[in-house]
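One-letter residues, chain by chain:
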2 protein chains.
Amino acid sequence: MTDVQMTLDEVHALTMRCLVAHGCDEANAGAVADVITAAERDGCHSHGLMRVAGYVATLKSGKVNGHANPTVEHIAPAVVRVQGDAGFAPLAHARGRSALIDTVKTQGIAAMSLVNIHHFAALWSEVEPIAEQGLCAMACVSYKPAVIPAGGTKPLYGTNPLAFGWPRRNHPPMIFDQASSVMARGEVMLAAREGKELPPGVGVDADGQPTTDPDKVLEGALLAFGGHKGSSIAMMIELFAGALIGECLSFEAAERDNNDGGPPQGGELIIAMDPNHFGDADGWADHAEKLFARIEAQDGARLPSSRRYKNREQSLSAGVSVSSKVHEQILQMCAQG
Amino acid sequence: MTDVQMTLDEVHALTMRCLVAHGCDEANAGAVADVITAAERDGCHSHGLMRVAGYVATLKSGKVNGHANPTVEHIAPAVVRVQGDAGFAPLAHARGRSALIDTVKTQGIAAMSLVNIHHFAALWSEVEPIAEQGLCAMACVSYKPAVIPAGGTKPLYGTNPLAFGWPRRNHPPMIFDQASSVMARGEVMLAAREGKELPPGVGVDADGQPTTDPDKVLEGALLAFGGHKGSSIAMMIELFAGALIGECLSFEAAERDNNDGGPPQGGELIIAMDPNHFGDADGWADHAEKLFARIEAQDGARLPSSRRYKNREQSLSAGVSVSSKVHEQILQMCAQG
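Residues numbered from 1 in each chain as written. Chains lettered and ligands numbered in written order. Predicted model: local features only at pLDDT ≥ 70, side-chain atom pairs only at ≥ 80, totals over all residues.

**Student:** Just give me the short version of the overall build of chain A, but keep the residues and values in it.
**Tutor:** A tally of regular secondary structure across chain A gives 12 helices and 13 strands. Against the 2.2 N^0.38 benchmark of 20 Å for 337 residues, chain A shows a C-alpha radius of gyration of 20 Å, consistent with a compact globule. Reported as C-alpha extents along the three principal axes, the dimensions of chain A are approximately 55 × 45 × 40 Å. Within chain A, the proportion of its 337 residues that are buried is 60%. Taking contacts inside chain A between residues at least 6 apart in sequence as the whole, the part at least 24 apart equals 65%. (Helix = DSSP H or I, 4+ residues; strand = E, 2+ residues; numbered from the N terminus. Rg over C-alpha atoms; globule rule 2.2 N^0.38 Å. Buried ≥ 20, exposed ≤ 12 C-beta atoms within 10 Å, placed from the backbone. Contact = placed C-beta atoms within 7 Å.)

**Student:** Give me the domain arrangement of chain A: which residues, what numbers.
**Tutor:** Residue and element names in this part refer to chain A. Splitting chain A by domain gives domain 1 (1–60 + 305–337) and domain 2 (70–181 + 224–304). Within the residue set of the side of domain 1 that touches domain 2, elements represented by two or more residues are α2 (26–41), α3 (52–60) and α11 (306–318). No other element matches α2, which puts 8 residues into the side of domain 1 that touches domain 2. (Domains from an automatic or database assignment.)

**Student:** If you had to explain the interface of chain A and chain B to someone new, which residues and values would you point to?
**Tutor:** On the side of chain B, 60 residues touch chain A, which itself brings 60 residues to the contact. Grouping the amino acids of the side of chain A that touches chain B by side-chain chemistry returns 33 nonpolar, 18 polar and 9 charged. (Nonpolar A, V, L, I, M, F, W, Y, C, P; charged D, E, K, R; others polar.)

**Student:** Residue-level account of the sheet that holds strand β12 (residues 265–273) of chain B, with values.
**Tutor:** All names here are of chain B. Here 7 strands make up an open sheet; going across it, the order is β2-β3-β4-β12-β5-β7-β8 and the pairing mixed. Two strands lie at the open edges of the sheet, namely β2 (71–76) and β8 (174–178), each paired on one side alone. Here the strands of the sheet are splayed against their neighbours by 15 degrees on average, with no regard to which way each runs. Here 7 bridges tie strand β3 (residues 79–88) to strand β4 (residues 109–118), and the two strands are oriented parallel to one another. The residue of β4 that forms the bridge with F88 is H118. (Pairing = 2+ DSSP bridges. Axes fitted to C-alpha atoms, helices over the stretch in contact; angles between N-to-C directions.)

**Student:** How would you summarise the relation of the copies chain A and chain B if you had to cite specific residues and measurements?
**Tutor:** Overlaying chain A on chain B yields an RMSD of 0.0 Å, the required transformation being a rotation through 180 degrees with an accompanying axial translation of 0.0 Å. Look at the turn and shift together and you get a two-fold axis relating the two. Judged by C-alpha distance, G226(A) is the residue of chain A that lies nearest the rotation axis, at 1.9 Å. A share of 100% of the interface residues of chain A reappears at the interface of chain B, consistent with the copies meeting face to face through the same patch. (Least-squares fit on C-alpha atoms with pLDDT ≥ 70 in both.)

**Student:** So what about the nonpolar core? Which residues, and what values?
**Tutor:** Core analysis: the largest hydrophobic core is formed by 232 residues, its most contacted members being I109(A), A137(A), A272(A), I109(B), A137(B) and A272(B). Here the element with the most residues in this core is helix α8 (residues 228–244) of chain B; it accounts for 10 residues. Built from parts of two domains, this core gets at least three residues from each of domain 1 (1–60 + 305–337) and domain 2 (70–181 + 224–304) of chain A. Once residues lying within four places of it in the same chain are set aside, the contact partners of I109(B) are A78(A), V79(A), I109(A), A110(A), A111(A), I271(A), A78(B), V104(B) and M273(B). (Core = buried A, V, L, I, M, F, W, Y, C linked by C-beta atoms within 7 Å.)

**Student:** Now, about the confidence of the model for chain A: what can you tell me, with residues and values included?
**Tutor:** Taken as a whole, chain A shows an average pLDDT of 96; of its residues, 100% reach a score of 70 or greater. Under the prediction, the complex receives an ipTM of 0.96, its pTM being 0.96. (pLDDT = per-residue confidence, 0-100.)

**Student:** Kindly report on the sheet that holds strand β11 (residues 221–223) of chain B, identifying the contributing residues and their values.
**Tutor:** Residue and element names in this part refer to chain B. The strand order across the open sheet formed by 4 strands is β6-β11-β9-β10, and the pairing between neighbours is mixed. The two strands at the open ends of the sheet, each matched to only one other strand, are β6 (147–148) and β10 (210–211). Two elements, strand β9 (residues 203–204) and β10, share 2 bridges in a ladder whose sense is antiparallel. Across the sheet, V204 pairs through a bridge with P210, a residue of β10.

**Student:** Can you tell me about the pairing of strand β7 (residues 162–166) of chain A, naming the residues and giving the values?
**Tutor:** Residue and element names in this part refer to chain A. Across the 5 residues of β7, 5 count as buried, placing the element largely inside the fold. Judged by which residues are buried, β7 turns out to be covered on both faces: L162, F164 and W166 on one side and A163 and G165 on the other are all buried. Relative to β7, strand β5 (residues 136–141) is paired through 4 bridges, and the arrangement is antiparallel. When the bridges of β7 are listed, C140 appears paired with L162. Relative to strand β8 (residues 174–178), β7 runs antiparallel, the two being bridged by 5 bridges. From the neighbouring strand, F164 faces β8, where its bridge partner is F176.

**Student:** Go over unusual backbone geometry, please, and point to the residues and values.
**Tutor:** Of note in the backbone geometry, D85(B) takes a positive phi value of approximately 60 degrees without being a glycine. With respect to the helices, strands and loops of the structure, D85(B) is situated in strand β3.

**Student:** Give a detailed account of the packing of helix α4 (residues 89–107) of chain B against helix α5 (residues 124–131) of chain B, specifying residues and quantitative values.
**Tutor:** Residue and element names in this part refer to chain B. Contact geometry of α4 with α5 gives a least axis separation of 10 Å together with a crossing angle of 35 degrees. You can see that α4 and α5 cross each other, and the crossing is right-handed. Along its contact with α4, which presents H93, R97, L100 and I101, the element α5 presents E126, P129 and I130. Here the contact of α4 with α5 is composed, by residue class, of 4 nonpolar, 1 polar and 2 charged. (Left-handed = near helix turned anticlockwise from the far one by under 90°.)

**Student:** Lay out helix α2 (residues 26–41) of chain B in plain terms, naming residues and giving numbers.
**Tutor:** Because an α-helix completes one turn every 3.6 residues, residues spaced three or four positions apart along the sequence face the same direction. Residue and element names in this part refer to chain B. Relative to the 22 Å expected for 16 residues at 1.5 Å per residue, α2 spans 21 Å between its end C-alpha atoms, a close match to the ideal helical length. Burial within α2 is extensive, with 12 of its 16 residues counted as buried. Listed in full, the buried residues belonging to α2 are N28, A29, A31, V32, A33, V35, I36, T37, A38, A39, E40 and R41. Where α2 ends, the next residue or the one after it, G43, has phi of about 80 degrees, a positive value. (Expected span 1.5 Å × (residues − 1).)

**Student:** Account for helix α6 (residues 185–194) of chain A, with residues named and values stated.
**Tutor:** Residues and elements named next belong to chain A. Within the sequence span of α6, burial applies to R185, G186, E187, V188 and A191. Where α6 is buried, its residues meet α7 (214–219) and β11 (221–223). Looking one or two residues past α6, G195 carries a phi angle of roughly 65 degrees, positive in sign.

**Student:** Can you lay out the packing of helix α1 (residues 8–21) of chain B against helix α12 (residues 324–336) of chain B for me, pointing to particular residues and giving the numbers?
**Tutor:** Two quantities define a packed helix pair, namely the angle between the axes and the distance from one axis to the other. Residue and element names in this part refer to chain B. Between α1 and α12, the least distance of the axes is 8 Å, while the angle of their chain directions is 40 degrees. The element α1 and its partner α12 pack so that their crossing is left-handed. From α1, L14, R17, C18 and A21 reach across to α12, where they touch I330, M333 and C334. Here the contact of α1 with α12 is composed, by residue class, of 6 nonpolar, no polar and 1 charged.

**Student:** Can you explain the pairing of β3(B)? Please cite residues and give values.
**Tutor:** All names here are of chain B. The buried count for β3 comes to 8 of 10 residues, which makes it a mostly enclosed element. Sheet topology note: the β2/β3 ladder contains 5 bridges and is antiparallel. Within β3, the position partnered with A76 by the bridge is V79. Once β2 ends, the chain turns through 2 residues before running back antiparallel as β3. The parallel pair β3 and β4 is bridged by α4, and the resulting crossover is right-handed. (Right-handed = clockwise from strand over helix to strand, strands pointing away.)

Here is the structure:
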């Protein structure tokens, strides 16, 4: 089957239609459609329309509240908490973001915890709007066990991505968003869907044996990037998105989850800082550009996020190609709603 | 030559004597001796007495101020800045720490920047006293270019360590402290000193060719851990310890440095959070223990820092073994002072 060409507005409208058909209200459906559209726009198909089926499955099972009404409060002068009301993460982010940004601009640094959310999106789309307000921001989230602690044998950590955004004056923010596993689970799912083999060293099968078969890795476990160092970062993210904020660790999320194919309940932590409050308000932006210029001057090196921004430029004018299999599946779900 | 057996008090006294002989005042020498003694105590020889020669070299060259009088100020409600007065980092930490801790306990999260310092120590000894006050803390510092950006050809990033500490109730804090390179420069220096070969994949020689010879790697460059993901973290640390706080990026530190063998001028960033202010004051400590128990239950997996604490237990009763070559070198430096 050939791919389907869609404009970004069509991607957004199709996503909304499908989610509303399965019990989301407009606010929740719109916030999810925003992040799915952003993923397709930036060429991140593993977080795009491919995920609609998971969102729908979890609405159908009743695990996620499609009418969630997230609430925002300060629980300390520099700590904002969003209670997600068992909804999908995007509306909780949209509701909490301005309180975080205002707090950072006053305090210099602030944190936002999100609890009782169901997170199924890419983190870069959550740090980007904060970085666009001139702040730098880190975000991290856990999931269900998929990654083996270094030296161990069984999955314990989620793929636990860490994203970081840095504001730039005449460019969109520099952002990286990386799983603590060698490869993101979404990428492994994409390989499985497309029947592609994985590179060696990504994961093991259910018996703990190395394999390059993505289906077997999905039944088995992923390895942490960089051995014990990536494993340490995955552990820190469990603590940040779980123990620190009073939400599930990955293994607890799995124990509680109904395995409907959608995201489990979990938490997220964002830490943001205002470079204007760190002693070099006039200099920091140009200073960082000196580093970026040195990176880009090296043959073969590139700034994280540069590929996404190139994809974005193209999608905004030419629209996106969507797998006809995924497109057909969503149309069917719309009809079944 | 056989090793020299020393008590920890002897390690401390020898370090102080040598630094005072070369122009440090008691306050600065004592703070440096504290971190060197802690490193020897915990079996981290690459940050122990081996470093005294570097501290002395840079006092002799006049690059570092042995009488530094670091000052502490709030530059935003949740941001503490320590001006290091061109001294070694340890006294700046000792001076700023209580302001950071007090601020975190009020605000929920706070940052401390340290500028105009010369950093030559391990980061774990800087997050440990913060974690001992019931806070979690991240610290990062840059240095001089030693690590190649992923895909690139030339060193641009320092080995840029990231440390993280988490407070525990009936245990010393869980702490990791890891270079953004596959191996820390201190470990490569130790291998060079001991005439040991490196594992493959650690670094390249001055021509960019892979080598396992530590001397050649010290002339060449290190690779980032985990490919582009470790490289992203190294870049984030350049931004935190440099551009954000108005201090040198690693390449700027190198351009400014006199290459006397001691640490260049640079900056450091610490971010700390009080788990009591994140919504689960009663539960977070036990909650984290559930994660740690699951890690330790896996054969082959271990908690970061567990090896250091074992070494510590032994050193506190039995003292430490010091390379007679290093011991002799320090005695000679004492005599020359």
